[in-house]
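# Per-entry structural report
Residue-level listing of the chains:
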Amino acid sequence: MLIGLAAKNAILIVEFAKDEYEQGKPLVDAALGGARLRLRPILMTSFAFILGNVPLWRASGSGAVARQIVGTTVIGGMLAASAFGIFLIPSIFYLVEKWSGSAKGQRLARPEPGGIAGLGTPAASEGD
């Protein structure tokens, strides 16, 4: 579950940042903008998940030690995944885009509607 939430957060940050970058924003601004747009939803999801596991972390009675260990692991993992997503994913997005050559103005052309990328639409025959 932790991996799924962390991956979802990372994917959405990158998607928002890539959209802004493709709209013409500078790479740094796009990366920070994607993180800024997703900050509140990430924090809300993380805090809800963490607070939902507090009773597990504070368990008592028979088998309490096993539940407390699971609660501690889940809460710690979600805190780490949230911090990783908020701070490192935009940095990694920036580095990957810069190293891939996209930051040098070598963006890939988007495919034209109705045709394959680079080929455009089929040409009409001379008899038409």
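Preceding this paragraph is the structure being described.
Residues numbered from 1 in each chain as written. Predicted model: local features only at pLDDT ≥ 70, side-chain atom pairs only at ≥ 80, totals over all residues. Heavy atoms only, no water.

With that settled, consider the pattern of salt bridges. All told, the structure shown has two salt bridges when counted by the stated rule. We note a salt bridge from E97 to K18, for which the minimum N-O separation is 3.4 Å. Taken together, the residues span a long stretch of sequence, with E97 in helix α3 (residues 64-99) and K18 in helix α1 (residues 2-22) at a distance of 79 residues. (Salt bridge = Lys/Arg side-chain N within 4 Å of Asp/Glu carboxyl O. Helix = DSSP H or I, 4+ residues; strand = E, 2+ residues; numbered from the N terminus.)

One can find K8 in helix α1. K8 sits 77 residues away from G85 along the chain, and the two C-alpha atoms are 9.6 Å apart. When sequence neighbours within four positions are dropped, the list of residues in contact with K8 reads R38 and T45. (Contact = heavy atoms within 4.5 Å.)

Let us now look at the packing of α1 against α3. Contact geometry of α1 with α3 gives a least axis separation of 9 Å together with a crossing angle of 25°. With respect to their mutual orientation, α1 and α3 come out roughly parallel. Our pair here, α1 against α3, has a crossing hand that is right-handed. The residues of α3 that touch α1, namely those facing L2, L5, A6, A10, I13, V14, A17, K18 and Y21, are T73, V74, G77, M78, A81, G85, I89, P90, F93 and E97. Its residues assigned to classes, the contact of α1 with α3 comprises 14 nonpolar, three polar and two charged. (Axes fitted to C-alpha atoms, helices over the stretch in contact; angles between N-to-C directions. Parallel < 35°, antiparallel > 145°, perpendicular 65-115°, else oblique. Left-handed = near helix turned anticlockwise from the far one by under 90°. Nonpolar A, V, L, I, M, F, W, Y, C, P; charged D, E, K, R; others polar.)

For E97, a relative accessible area of 9% puts it in the buried group. Of note is the side chain of E97, whose polar atom sits 3.4 Å from the side chain of K18. (Buried < 20%, exposed > 50% of the residue type's maximum accessible area, 1.4 Å probe, protein only. Polar contact = N/O pair within 3.5 Å; in protein donor to acceptor, adjacent residues only side chain to side chain.)

With respect to the helices, strands and loops of the structure, L32 is situated in helix α2 (residues 27-57). On the basis of relative accessible area, L32 is assigned to the partly exposed category, the value being 44%.

Let us look at the side chain of N53. Considering the arrangement of structural elements, one finds N53 in helix α2. Under the relative-accessibility criterion, N53 is labelled buried at 13%. Beyond its immediate sequence surroundings of up to four residues, N53 is in contact with V74 and I75.

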